[in-house]
Amino acid sequence: DTAVSQTPKYLVTQMGNDKSIKCEQNLGHDTMYWYKQDSKKFLKIMFSYNNKELIINETVPNRFSPKSPDKAHLNLHINSLELGDSAVYFCASRPRLAGGYNEQFFGPGTRLTVL
Amino acid sequence: GIQVEQSPPDLILQEGANSTLRCNFSDSVNNLQWFHQNPWGQLINLFYIPSGTKQNGRLSATTVATERYSLLYISSSQTTDSGVYFCAVDLLIKAAGNKLTFGGGTRVLVKP
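Please read these numbers as outputs of a predicted model, since none were measured by experiment. (Residues numbered from 1 in each chain as written. Chains lettered and ligands numbered in written order. Predicted model: local features only at pLDDT ≥ 70, side-chain atom pairs only at ≥ 80, totals over all residues. Heavy atoms only, no water.)

**Looking at the pattern of salt bridges**
Residues and elements named next belong to chain A.
Turning to step 1, where the next piece is worked out: The tally for this structure, following the rule as stated, stands at five salt bridges over all chains.
Turning to step 2, where the next piece is worked out: The salt bridge partner of Asp30 is Lys71, with a shortest N-O separation of 2.8 Å. Here Asp30, found in the loop between strand E3 (19-25) and strand E4 (31-37), pairs with Lys71, found in the loop between strand E7 (64-70) and strand E8 (73-78); they are 41 residues apart in sequence, far enough to count as distant.
Turning to step 3, where the next piece is worked out: Assessed through its relative accessible area of 7%, Asp30 is described here as buried.
Turning to step 4, where the next piece is worked out: With a closest N to O distance of 2.8 Å, Asp85 and Arg63 form a salt bridge. On the criterion of sequence distance, the pair formed by Asp85 in the loop between E8 and strand E9 (87-94) and Arg63 in the loop between strand E6 (53-57) and E7 is long-range, its members being 22 residues apart.
Turning to step 5, where the next piece is worked out: Since its relative accessible area comes to 4%, Asp85 is described here as buried.
Turning to step 6, where the next piece is worked out: In this structure, a network of salt bridges that share partners links the residues Arg63, Glu82 and Asp85. (Salt bridge = Lys/Arg side-chain N within 4 Å of Asp/Glu carboxyl O. Helix = DSSP H or I, 4+ residues; strand = E, 2+ residues; numbered from the N terminus. Buried < 20%, exposed > 50% of the residue type's maximum accessible area, 1.4 Å probe, protein only.)

**Quick word on the sheet that holds E8(A)**
All names here are of chain A.
Turning to step 1, where the next piece is worked out: As summarised here, the arrangement of the four strands in space is E1-E3-E8-E7, forming an open sheet in which the pairing is antiparallel. Two strands in the sheet have a free side with no partner beyond their single neighbour: strand E1 (4-7) and E7. Within the sheet, the average angular offset between the axes of one strand and its neighbour, ignoring direction, is 20°.
Turning to step 2, where the next piece is worked out: When E7 meets E8, the two strands line up antiparallel, connected through five bridges. (Pairing = 2+ DSSP bridges. Axes fitted to C-alpha atoms, helices over the stretch in contact; angles between N-to-C directions.)

**Some remarks on the pairing of strand E2 (residues 10-14) of chain B**
Successive side chains on a regular strand alternate, one facing one side of the sheet and the next facing the other.
Residue and element names in this part refer to chain B.
Turning to step 1, where the next piece is worked out: The side-chain alternation of E2 yields one buried face, formed by Leu11 and Leu13, and one unburied face, formed by Asp10, Ile12 and Gln14.
Turning to step 2, where the next piece is worked out: Inspection of the sheet shows E2 paired to strand E11 (residues 106-111) by five bridges, in the parallel sense. Bridge pairing in E11 places Asp10 opposite Arg107.

**Comments concerning the interface of chain B and chain A**
Turning to step 1, where the next piece is worked out: Taken residue by residue, the interface counts 20 residues in chain B and 24 residues in chain A.
Turning to step 2, where the next piece is worked out: A buried area of about 2000 Å², summed over both sides, lies between chain B and chain A, and 52% of it is on carbon and sulfur atoms.
Turning to step 3, where the next piece is worked out: The interface formed by chain B and chain A holds one salt bridge in total.
Turning to step 4, where the next piece is worked out: A:Glu58 is paired through a salt bridge with B:Lys99; the nearest N and O atoms lie 2.9 Å apart.
Turning to step 5, where the next piece is worked out: Inspection of the chain B/chain A interface yields 10 residue pairs in polar contact (both at pLDDT 80 or more).
Turning to step 6, where the next piece is worked out: Among the secondary structure elements, those contributing two or more residues to the side of chain B that touches chain A are strand E4 (31-37), strand E5 (43-48), strand E9 (83-91) and strand E10 (99-102) of chain B. (Contact = heavy atoms within 4.5 Å. Buried area = accessible area lost by both parts, 1.4 Å probe. Polar contact = N/O pair within 3.5 Å; in protein donor to acceptor, adjacent residues only side chain to side chain.)

So far we have only geometry, and geometry alone does not tell us how the molecule works.
Quick look at the structure:
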């Protein structure tokens, strides 16, 4: 299927642990993103990568480290997890700007619960 | 930064009713998207609508970029329309760095 996929879908872990979330898109898009949705459903950009290069870093704690091994993958590693990191994390991608078209497509989300 | 406000914050509808959701934004934008987050948490693209009017089945949307607002119309609502509707806009930062700024959402509950 053509899509943005994320693994795992659910992640439950203890405070202080380190965890990773993976994202892959097979849409041939150049730019990928991580967004965070908090408990009040508010969605906010965290990072953006274009063709493996970091473009946007929205004052996210440095415990969060994105890595893009290639333009189809963008992973999110979180060190020393805290209770406040509990949220749903969405990966998204969009095609190269052409004629102004830049619709973003979202993955299914990863629900992270820190105990 | 850009502000995106959605109204109303909550909406309860009887099945079959029509409704209008509004999105106001504080600055000029390049693009605007409407999403439906269903009860399972998936974000579903409804419309990519930087300007003009589009229709998809019972849903339609209109964006008036010069007046900085967009409207989403739901006609003949069904229980499956329940969920949260988000408006999101992007402000071009660099050639490849645009990001979506989301409104707070409108929570819609359609009762049978």
